[in-house]
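# Architecture at a glance
Each chain, written out:
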Amino acid sequence: MRLTVLGCAGSFPGPESACSAYLVEAEGFRLLIDFGSGSLSALQRYSDMRRVDAILLTHLHCDHMLDACTYVVVRRYDPAGALPPLPVYAPLGAAERIAAAYSTEGEPVDDVYTFYGLQPGTFPIGPLTVTVDRVNHPVETYGVRVEHNGRVLAYSSDTAPCEALLRLAAHADLFLCEASYQDGVVNPPDLHLTGGEAGEAATKADVGRLLLTHLVPAWASEASIVEAATAAYAGPVEVVRPGARYDL
Ligand SMILES: [Zn+2]
Ligand SMILES: [Zn+2]
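Residues numbered from 1 in each chain as written. Chains lettered and ligands numbered in written order. Predicted model: local features only at pLDDT ≥ 70, side-chain atom pairs only at ≥ 80, totals over all residues. Heavy atoms only, no water.

An unreviewed UniProt entry annotates the chain as Beta-lactamase originating from Actinoplanes utahensis.

Below is the structure:
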């Protein structure tokens, strides 16, 4: 299984990164997890943008799904003919949300996407075994655990601390975890993690490696996030970058 970071900027695009989008590949199958603002650009930089086999949207905030709207053009109007409908696993309402953003008339996009509503549970996507569960964020949001050949990638999506996150991340080889907020100050509740909280989750879940993502430099410096995470977790910690690849 290979993870490629397409975009990792938290909440809005950064000067050097699109918003959240992660390509997970195994046995030639390509699952795109989240498709945030600007990430269609990165998808072209690191792969053939037409070669996506499934999409999973963890929630319907713009920074995790907006390029699924612009991607309609790529698939519907390919010069060689429309590409086959693409499975999209997403919270209920994704079809309407994408259609509303795509055109003012709310023109359906079901010629491009076949939607499957997410519910907590485990199911196959291609050769991958995917488990999702509700995490602690103001809209319906799913953290993700992806397993293949005994290796485990866990992704927090956006969340404040919660038990579901620990279950999803349990003993993961790679734990891709958001860290948006500054430690040591009062942050809005039930929204995001601090670096310290990401580190605590990594320790409690006993993961092999912590990959920090969804940083928002305007809210907390990278140095302070890393310092807080490494104080709470003794294993390897790094902040992901666009284009970074991890084989597991
Ligand atoms: Zn976000
Ligand atoms: Zn969000």
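This brings us to the overall build of the chain. Summing up its helical and strand segments, the chain has seven helices and 14 strands in all. In terms of principal-axis extent, the alpha carbons of the chain reach across some 55 × 40 × 30 Å. Put simply, the chain has 248 residues, and 55% of those count as buried. Sequence separation of at least 24 residues holds for 60% of the intrachain contacts in the chain that already meet a minimum separation of 6. Considering the chain, the positive charge centre built from 16 side chains and the negative charge centre built from 30 side chains are found 6 Å apart. (Helix = DSSP H or I, 4+ residues; strand = E, 2+ residues; numbered from the N terminus. Buried < 20%, exposed > 50% of the residue type's maximum accessible area, 1.4 Å probe, protein only. Contact = heavy atoms within 4.5 Å. Lys, Arg positive; Asp, Glu negative; His and termini not counted. Charge placed at Lys NZ, Arg CZ, Asp CG, Glu CD.)

On to helix 4 (residues 94-102), then. Count 3.6 residues to each turn of an α-helix, and residues three or four apart come out pointing the same way. Of all the positions in helix 4, only A94, I98 and A99 are classed as buried. Around the axis of helix 4, the buried residues are gathered within 125° of arc, so they sit on the same side. Summarising the geometry of helix 4, the exposed residues directed more than 90 degrees from the buried face are E96 and A100. Where the residues of helix 4 are buried, they touch helix 2 (62-65), helix 3 (67-76), strand 5 (86-90) and strand 6 (113-117). (Arc of directions from axis to C-beta.)

What follows covers the sheet that holds strand 8 (residues 128-134). One open sheet accounts for seven strands, arranged 7-8-9-10-11-12-13; its pairing is mixed. Where the open sheet ends on each side, the last strands, each with one partner, are strand 7 (121-125) and strand 13 (237-239). On average, adjacent strands in this sheet sit at an angle of 20° to one another, irrespective of strand direction. The pairing of strand 10 (residues 151-155) with strand 11 (residues 174-178) spans three bridges and is parallel. Counted as the bridge partner of Y155 is L176 from strand 11. Where helix 6 (residues 195-205) meets the sheet, it contacts strand 11 and strand 12 (210-213), and its direction lies at approximately 150° from that of strand 11. (Pairing = 2+ DSSP bridges. Axes fitted to C-alpha atoms, helices over the stretch in contact; angles between N-to-C directions.)

Moving on: the nonpolar core. Within the largest apolar cluster, 31 residues are counted, with the highest numbers of intra-cluster contacts made by L3, L56, I125, L128 and L153. The contact partners of L128, leaving out residues within four places of it in the chain, are M1, V24, A26, F29, L31, F123, V146, E147 and H148. Residues I55, L57, L86 and A90 belong to the second largest nonpolar core, which totals 26 residues. (Core = buried A, V, L, I, M, F, W, Y, C linked by side-chain atoms within 4.5 Å.)

Here we take up the sheet that holds strand 14 (residues 245-247). Read from one edge to the other, the open sheet built from seven strands follows the order 6-5-4-3-2-1-14, with strand pairing classed as mixed. In this open sheet, the two edge strands, each paired with only one partner strand, are strand 6 and strand 14. The mean inter-strand angle of the sheet, taken between neighbouring strand axes irrespective of direction, is 20°. Taken strand by strand, helix 3 contacts strand 4 (54-56), strand 5 and strand 6, and its axis lies near 145° from that of strand 6.

Turning our eyes to something else, we now look at the pairing of strand 10. Here strand 10 lies mainly inside the structure; four of its five residues are buried. With five bridges connecting them, strand 9 (residues 142-148) and strand 10 associate as antiparallel partners. Bridging across to strand 10, E147 finds its partner in V152. Here strand 9 folds back onto strand 10, and the loop between the two strands holds two residues, one of which, N149, carries a positive phi near 50°.

This paragraph deals with the coordination of the zinc ion (ligand 1). A four-donor tetrahedral metal ideally has 109.5 degree angles, and a six-donor octahedral metal ideally has angles of 90 or 180 degrees. Here the zinc ion (ligand 1) is held by the protein donor atoms D63 (OD), H64 (NE2), D158 (OD) and H214 (NE2), which lie 2.1 to 2.2 Å from it. In the primary structure, the donors to the zinc ion (ligand 1) are separated according to the pattern D-H-x93-D-x55-H. A spacing of 3.6 Å is found between the zinc ion (ligand 1) and the zinc ion (ligand 2), which share D158 as a donor. Judged by relative accessible area, which is 6%, D63 ranks as buried. You can call H64 buried: its relative accessible area is 0%. (Donors = N, O, S within 2.8 Å, 3.2 Å for Na, K, Ca; no water.)

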